[in-house]
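Chain by chain, the residues:
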Amino acid sequence: MRRLFAGLAAGTFLLATAACGSSDSGSSGGSSSSGGVTTVKLGLIPIVDVAPVYLGVQKGFYEKHGLKLSITTAQGGAAIVPGVVSGQFQFGFSNMTSLMVARSNDVPVKAVSNGIASTGVQGKDFGAITVKKDSPIKSAKDLEGKKVAINTLKNINETAVRASVRKAGGDPDEVQFVELAFDQMPAALDSGQIDAAMVVEPALATVKSQGGVEIASPLVDVAPNLTVAMYFTSTQYEQKNPEVVKKFQEATAESLAYADAHPDEVRQVVTTYTKIPASVLAQVTLPKWPAEADRASIEALEKLGEQDKLFKKTPDLDQLLP
């Protein structure tokens, strides 16, 4: 992680680009205004979690609040954080562990809007540890000595898997974690390159369509109603552009509420930024999109992160959260 943040100055960001309504791709990276509309760059992960933003763009919620979004996608929140801090993006979407790691390294990030929450229901969450149909692995304890894919090492999904292994009576230090993008996990699992995968929707639905089986719900094991991710900015941007931040908060809140109330439209919009077939999306378990973050659940995640030695020092949640 230290190497990650040391790379800020060099601009070494592991990004896969995908444009969405960008009108200032030639700019130097700052937000720009034109005709009362401010264009801001937003870093996202191409998963179901961020569907409310795409819906919000479609429904005109951001435009109504005077914003135009230019969207870029990345593999994980750990790659988005340095992009926001450097000014490459004005806003980003990241899981809470990445944001807490950043704060523990004195990286100036500030959460501004809620992102997603776990469903809180075992076996019915949007994230799960999965294995092949005929796998001898029946519980998280059986992952000892096995190769388990997660999207980013030393981050929220590793912490969550480790929590499930502990809960099942196993030793998480015996698990062999490998880093793999979510959309590559179904094929890797099906071909036997990995023994298990901590996968989230919509890739989870793909795994199930291949006959894959869930053996644990790690995000539920961390805490009930876990706040998994939030939208954030840099403290510098927040201080210099409070009105833009407020507009983003209001438009995102409207988008979250709309998504929570219109699951069918959520499934439809996901087809616009992922390659998941509509037939698979029909089986997708959607996360919750509550208006507010659950601080108690974030504190539980923080304690697990400390246990897993992810933080240089204890993150100050008062500085991080809205």
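The structure reproduced in this document is the subject of the present report. (Residues numbered from 1 in each chain as written. Predicted model: local features only at pLDDT ≥ 70, side-chain atom pairs only at ≥ 80, totals over all residues. Heavy atoms only, no water.)

### Notes on the pairing of strand E9 (residues 176–179)
Line of reasoning, step 1. The pairing of strand E8 (residues 147–150) with E9 spans four bridges and is classified as parallel. When the sheet's bridge partners are listed, valine 148 is paired in E9 with phenylalanine 177.
Line of reasoning, step 2. Read as a crossover between parallel neighbours, the route from E8 over helix H6 (residues 156–167) to E9 is right-handed. (Pairing = 2+ DSSP bridges. Helix = DSSP H or I, 4+ residues; strand = E, 2+ residues; numbered from the N terminus. Right-handed = clockwise from strand over helix to strand, strands pointing away.)

### Side note on the sheet that holds strand E7 (residues 127–131)
Line of reasoning, step 1. Spatially, the five strands line up as an open sheet ordered E9-E8-E10-E7-E11, and their pairing is mixed. In the strand order of this sheet, the two ends are held by E9 and strand E11 (213–216), each with one partner. Neighbouring strand axes in the sheet, compared pairwise and without regard to direction, differ in orientation by 35° on average.
Line of reasoning, step 2. Pairing of E7 with E11 involves three bridges; the strand directions are antiparallel. Bridged to valine 131 within E11 is valine 213. (Axes fitted to C-alpha atoms, helices over the stretch in contact; angles between N-to-C directions.)

### Quick look at helix H5 (residues 96–104)
Line of reasoning, step 1. Extensive coverage of H5 is indicated by the burial of nine of its nine residues.
Line of reasoning, step 2. Listed as buried for H5 are Met96, Thr97, Ser98, Leu99, Met100, Val101, Ala102, Arg103 and Ser104.
Line of reasoning, step 3. Taking the backbone nitrogen of threonine 97 as reference, a side-chain oxygen 2.9 Å away marks asparagine 95 as the first, capping residue of H5.
Line of reasoning, step 4. Directly after H5, the chain includes aspartate 106, whose backbone phi takes a positive value near 60°. (Buried < 20%, exposed > 50% of the residue type's maximum accessible area, 1.4 Å probe, protein only. Polar contact = N/O pair within 3.5 Å; in protein donor to acceptor, adjacent residues only side chain to side chain.)

### Observations regarding unusual backbone geometry
Line of reasoning, step 1. Geometrically, the link from glutamate 201 to proline 202 is a cis peptide bond, its omega value of 5° lying close to zero.
Line of reasoning, step 2. Relative to the helices and strands, proline 202 is located in the loop between strand E10 (196–200) and helix H8 (203–209).
Line of reasoning, step 3. Notably, aspartate 106 is not glycine yet its phi reads approximately 60°, a positive angle.
Line of reasoning, step 4. Assignment of secondary structure puts aspartate 106 in the loop between H5 and strand E6 (109–117).
Line of reasoning, step 5. With a relative accessible area of 54%, aspartate 106 lands in the exposed category.

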